[in-house]
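Overview (structure and organization)
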Amino acid sequence: MKNRMFTPINAAEIFNKVMTKHSLPVRAAATDFVFADKCVLLGMSFDGERLANTLFDQLFPRSPAGIYHHYTSYGGFKGIVSSGSLRLYNLHKRFASGEFRIFCRDHGLDGYLRTGAGGSEVGYFAALMTDLFYTSLVDAKAADSDLHWERFADRHRGVRLTLRISLAPKYPNFRAVTYQQPDCVPAFKDLKAAFNSEGLNFVNSGLCRMPGFYQRQDFSSQFEHRLLAKRFPGVPKEFPFSVRDEGNGSIKFIESDLTTNGHPWFNIKLLGATVGRSGSLQNVVNYLKSYSKFPNLPAASVS
């Protein structure tokens, strides 16, 4: 039931109660919230923006700069080293796996996704997916995984690239993927439900990026980190990449240059290549020397 006398103080009380329930070290004040059109907005004021960023970091932890692995097929390896760049695809690349939409369903984001006539999916999800570009990485300290070799490196015939990721100060879009627990992010779902019980929608700054860091529970063994780039429609000058069309419907991509170190958001440096147990180290070495921009790149086979 809607509380007609609902105030920012009430909003802070509800927010803090949910944070306490989930043992999250995030606390709000009344000045963090703004009201508009039956919505409680977090992140639209100076104080609220800081709190919204802190909440985002608690729900989707940031990944540190450092050394990571990227698994790919032999064909993918050839494309990367010959072009000297790594592609970041938009989320339409993995549409079939439920990208973006599963977060919307799990947390009741009806503005982004709802069921239309005949069971069709309607909402802003398609446009938002078009403007979120990502690449998948695994922490180099993680144990080597047969799953990654099987699923992403052509059943051990592919290559594991070792990359150094560096980030501009305060760049917010390199994070560990959060998986369903078991069918939502519990603290965020409880926030939505608590404000809904007052007849209000809770909307936080950064909401349109959250689905890009969320995956189904059955993918949790991937231990994925995502480097994501968000394009905002209408401000192309603020997006420092050229967007290219793969020629396959809605799938588009951007490229991160592996040969330079001057990008304003993040930089990726290629450090080495490891060949799967069913691949050919000699083929990889020959290709590096003859056709790639990294003729002296260290290469080895899985030990």
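A short tour of the structure in this document, coming up. (Residues numbered from 1 in each chain as written. Predicted model: local features only at pLDDT ≥ 70, side-chain atom pairs only at ≥ 80, totals over all residues. Heavy atoms only, no water.)

Glancing now at the packing of helix α1 (residues 8-21) against helix α7 (residues 186-196). For the pair α1 and α7, the least separation of the axes is 10 Å and the interaxial angle reads 150 degrees. When the axes of α1 and α7 are compared, the pair comes out roughly antiparallel. Crossing hand, α1 versus α7: right-handed. Here α1 contributes Ala11, Ile14, Phe15, Val18, Met19 and Lys21 to the contact with α7, which in turn contributes Ala187, Asp190, Leu191, Ala194 and Phe195. Of the residues that constitute the contact of α1 with α7, the class distribution is nine nonpolar, no polar and two charged. (Axes fitted to C-alpha atoms, helices over the stretch in contact; angles between N-to-C directions. Helix = DSSP H or I, 4+ residues; strand = E, 2+ residues; numbered from the N terminus. Parallel < 35°, antiparallel > 145°, perpendicular 65-115°, else oblique. Left-handed = near helix turned anticlockwise from the far one by under 90°. Contact = heavy atoms within 4.5 Å. Nonpolar A, V, L, I, M, F, W, Y, C, P; charged D, E, K, R; others polar.)

Looking now at the pairing of strand β4 (residues 85-90). The buried fraction of β4 is high, at five of six residues. In this structure, β4 lies alongside strand β15 (residues 251-257), joined through five bridges in antiparallel fashion. Bridging across to β15, Tyr89 finds its partner in Phe253. Relative to strand β7 (residues 132-139), β4 runs antiparallel, the two being bridged by two bridges. Paired with Tyr89 across the bridge in β7 is Tyr134. (Buried < 20%, exposed > 50% of the residue type's maximum accessible area, 1.4 Å probe, protein only. Pairing = 2+ DSSP bridges.)

So, about the environment of Arg164. Inspection of the secondary structure puts Arg164 in strand β8 (residues 159-167). For Arg164, the contacting residues outside a window of four places in its chain are Gly66, Ile67, Asn267, Ile268, Lys269 and Leu271.

Scanning all chains against the criterion turns up 25 aromatic pairs. Aromatic pair Phe103 and Tyr214: ring centres 5.0 Å apart, planes at 75 degrees, arrangement edge-to-face. Placement of Phe103 in helix α4 (residues 101-107) and of Tyr214 in strand β12 (residues 214-215) is noted, with a sequence separation of 111 residues between them. Comparing Phe103 with Tyr214, the two get one shared label, buried. (Phe/Tyr/Trp six-rings, centres within 6.5 Å; stacked < 30°, edge-to-face > 60°.)

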